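Here is how the chains run, residue by residue.
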Amino acid sequence: MQPCNRDCECCPYPDCILSDADLCEEDLRESERIDQMIASDPEVIQRAKQRKRYEANKAKYAERSKAYRARNKESIKAQKHAHYLANRERILARNRAYRARQKQEKAPDAAATAIERTNNKPSLL
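Residues numbered from 1 in each chain as written. Predicted model: local features only at pLDDT ≥ 70, side-chain atom pairs only at ≥ 80, totals over all residues. Heavy atoms only, no water.

Visitor: Requested: an account of the overall build of the protein chain, with residues and values cited.
Guide: Scanning the protein chain from N- to C-terminus turns up 5 helices and 0 strands. Listing every helix and strand of the protein chain by position from the N terminus yields α-α-α-α-α. Out of the 125 residues in the protein chain, the part that is buried amounts to 2%. Counting every atom, the protein chain has about 11,800 Å² of accessible surface; 54% of that belongs to carbon and sulfur. (Helix = DSSP H or I, 4+ residues; strand = E, 2+ residues; numbered from the N terminus. Buried < 20%, exposed > 50% of the residue type's maximum accessible area, 1.4 Å probe, protein only. Areas by Shrake-Rupley, 256 points an atom, 1.4 Å probe, with all protein chains shown as cover.)

Here's what the structure looks like:
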């Protein structure tokens, strides 16, 4: 087996389990530098704060969304209709593909149900 190139993002070995103990001092310093850079990124910090605030106030945000939808029912409906008209072919193709997948997945069940109905049909004699 070839030695690891320590490029985990593009590792050619699907079962590679390079541990921290296998890393040299330089690799550990580089990893630590990247972690600090990510942790000090204002955008990452802001997203974490927003996520924490959302998790703490889920009910409040849900109520706010519900109220907005109630107040703007007609404009939301118009936006959705405009989106449908602009993307009609793509939406219809996606729906056809979904129905075909569902039909394929349920085909064995449908055949079994038909056989069961035939076997359990009451006699008219």
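Next comes the rest of the account.
Visitor: Give a detailed account of the pattern of salt bridges, specifying residues and quantitative values.
Guide: Enumeration over the complete set of coordinates arrives at 5 salt bridges. Residue Lys58 is joined to Glu55 by a salt bridge in which the shortest nitrogen-to-oxygen separation is 3.6 Å. A relative accessible area of 42% means that Lys58 is categorised as partly exposed. Connected via shared salt-bridge partners are Arg51, Glu55 and Lys58. (Salt bridge = Lys/Arg side-chain N within 4 Å of Asp/Glu carboxyl O.)

Visitor: Tell me about the packing of aromatic side chains, and please be specific about residues and values.
Guide: Applying the stated criterion across every chain, the model contains 1 aromatic pair. Across the ring face of Tyr61, the terminal group of Lys60 is positioned such that the distance to the ring centre comes to 5.6 Å. (Phe/Tyr/Trp six-rings, centres within 6.5 Å; stacked < 30°, edge-to-face > 60°. Lys NZ or Arg CZ within 6 Å of the ring centre and 35° of its normal.)

Visitor: With reference to specific residues and values, describe the packing of helix α4 (residues 73–86) against helix α5 (residues 88–119).
Guide: Contact pair α4 / α5: the axes reach a minimum separation of 5 Å and the direction vectors enclose 80 degrees. Taken together, the axes of α4 and α5 are roughly perpendicular relative to one another. Residues His83, Tyr84, Leu85 and Ala86 of α4 form the contact with α5, whose own contacting residues are Arg88, Arg90, Ile91 and Leu92. Classifying every residue of the contact of α4 with α5 gives 5 nonpolar, 1 polar and 2 charged. (Axes fitted to C-alpha atoms, helices over the stretch in contact; angles between N-to-C directions. Parallel < 35°, antiparallel > 145°, perpendicular 65-115°, else oblique. Contact = heavy atoms within 4.5 Å. Nonpolar A, V, L, I, M, F, W, Y, C, P; charged D, E, K, R; others polar.)

Visitor: Lay out the environment of Tyr84 with the relevant residues and their values.
Guide: With respect to the helices and strands, the residue Tyr84 is situated in helix α4. Once residues lying within four places of it in the same chain are set aside, the contact partners of Tyr84 are Ile91 and Leu92.

Visitor: Outline α5, supporting the account with residue identities and numerical values.
Guide: End to end, α5 covers 44 Å across 32 residues, agreeing with the expected 46 Å (1.5 Å per residue, within 8%). Remark: the principal bend of α5, roughly 45 degrees, maps to Lys106, with a proline, Pro108, within the next four residues. (Expected span 1.5 Å × (residues − 1). Bend = angle between axes of the 7 residues up to and from the residue.)

Visitor: With reference to specific residues and values, describe a positive patch on the surface.
Guide: Side chains of Lys49, Arg53, Lys60 and Arg64 sit close together on the surface and give a patch of like positive charge. Only α2 (42–56) and α3 (58–71) provide two or more residues apiece to the positive patch. Residue position: Lys49 is located in helix α2. (Patch = residues over 30% accessible without salt bridge, like charges linked within 9 Å, V, L, I, M, F, W, Y side chains within 5 Å. Lys, Arg positive; Asp, Glu negative; His and termini not counted. Charge placed at Lys NZ, Arg CZ, Asp CG, Glu CD.)

Visitor: Lay out a nonpolar patch on the surface with the relevant residues and their values.
Guide: A contiguous nonpolar patch, built from Ile34, Met37 and Ile38 and spanning about 260 Å² of accessible area, is present on the exposed surface. With respect to the secondary-structure elements, Ile38 resides in helix α1 (residues 25–39). When its relative accessible area of 45% is taken as the criterion, Ile38 is described as partly exposed.

Note that every value here comes from positions in space, so none of it alone points to a role or purpose.
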